[in-house]
Structure formats: structure tokens, C-alpha cells
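# Observations on the model geometry
Listed below, chain by chain, are the residues.
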Amino acid sequence: QVQLVESGGGLVQAGGSLRLSCAASGRGYFMGWFRQAPGKERDFLGAVNGSGGRTYYADSVKGRFTISRDNAKNTVHLQMNSLKPEDTAVYYCAARSTWDAPQAQRSYQYWGQGTQVTVSS
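None of the values given here were measured: they were computed from a predicted structure.

### Some points on unusual backbone geometry
A positive phi angle, near 50 degrees, is found at Ser-82, a position not held by glycine. Judged by relative accessible area, which is 42%, Ser-82 ranks as partly exposed.

Printed below as a string of C-alpha cells:
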């Protein structure tokens, strides 16, 4: 069982930045970030492989969001820049054992509890 704990959410003005972190209790997993806005389905944002050398992003956030990982600290980060009110959502990190189809939510075995991000206009 892998425990995932997100942190770093909060309230930010449009155009600002936030950096979310996800602390994992296990090593070597592929990690993904997702978000769910009120009344909407949970969406894939991006993923990173075990070494941190390979990333994959949804088109909706490509160029604004960056995923990185610090394996020494078992932590994955989501750097979010140029935030918009429509980025308001609960953000989740998740872990899986394989890399194929990194956007596939059903392949993620472990999920964090989520952290709220609110972007004001």
C-alpha cells in the first residue's frame, strides 16, 4: 500500500503561480496529477516516470504546468503558472506501476486525498 499526501494548495489570484507537492510512502512508481472541478469529471493533467526523465502532459496545461520529482525525498511536484479561474479544482496525485497510457485514470492504483486550488479573478 502506498500513501500519497498532497500539499501546497490554496487561494491565488489569476496570473499567479502555485507549486503543489505529493509525498509518497513508496518508491519507483509512475506518478500522475489530476484535477476535478465542481460538477465535472476528474481530468488528467500530466505524469512523470520513475526517474523523472520523462513527462507527459494534457494539451490543456502544456506550457503552463510542469511536473518534476525529487526521488531523494520521495516527492513529486506540480508547478502551475499563469493560473486562470478555470484552474480552480481539487488537485490529486496518483501512483501506478506502469507507464503505458499515462492519462488512463483506471491504471492508477493509489490516490491522494486531494488539495484545493482556488484561482480568483
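### Let's talk about the pairing of strand 9 (residues 89-96)
Within strand 9, seven of the eight residues are buried, which leaves it mostly tucked inside the rest of the structure. Both strand 4 (residues 30-36) and strand 9 contribute to a ladder of seven bridges, which runs antiparallel. From the neighbouring strand, Gln-36 faces strand 9, where its bridge partner is Val-90. Taken together, the three bridges between strand 9 and strand 11 (residues 115-120) define a ladder with antiparallel strand orientation. If you follow Val-90 over to strand 11, its bridge partner there is Gln-116. The pairing of strand 9 with strand 10 (residues 110-111) spans two bridges and is antiparallel. Each bridged residue has a counterpart across the sheet, and for Ala-94 the counterpart in strand 10 is Trp-111.

About the criteria used
Residues numbered from 1 in each chain as written. Predicted model: local features only at pLDDT ≥ 70, side-chain atom pairs only at ≥ 80, totals over all residues. Heavy atoms only, no water. Buried < 20%, exposed > 50% of the residue type's maximum accessible area, 1.4 Å probe, protein only. Helix = DSSP H or I, 4+ residues; strand = E, 2+ residues; numbered from the N terminus. Pairing = 2+ DSSP bridges.

Shape is all these values report; function is a separate question.
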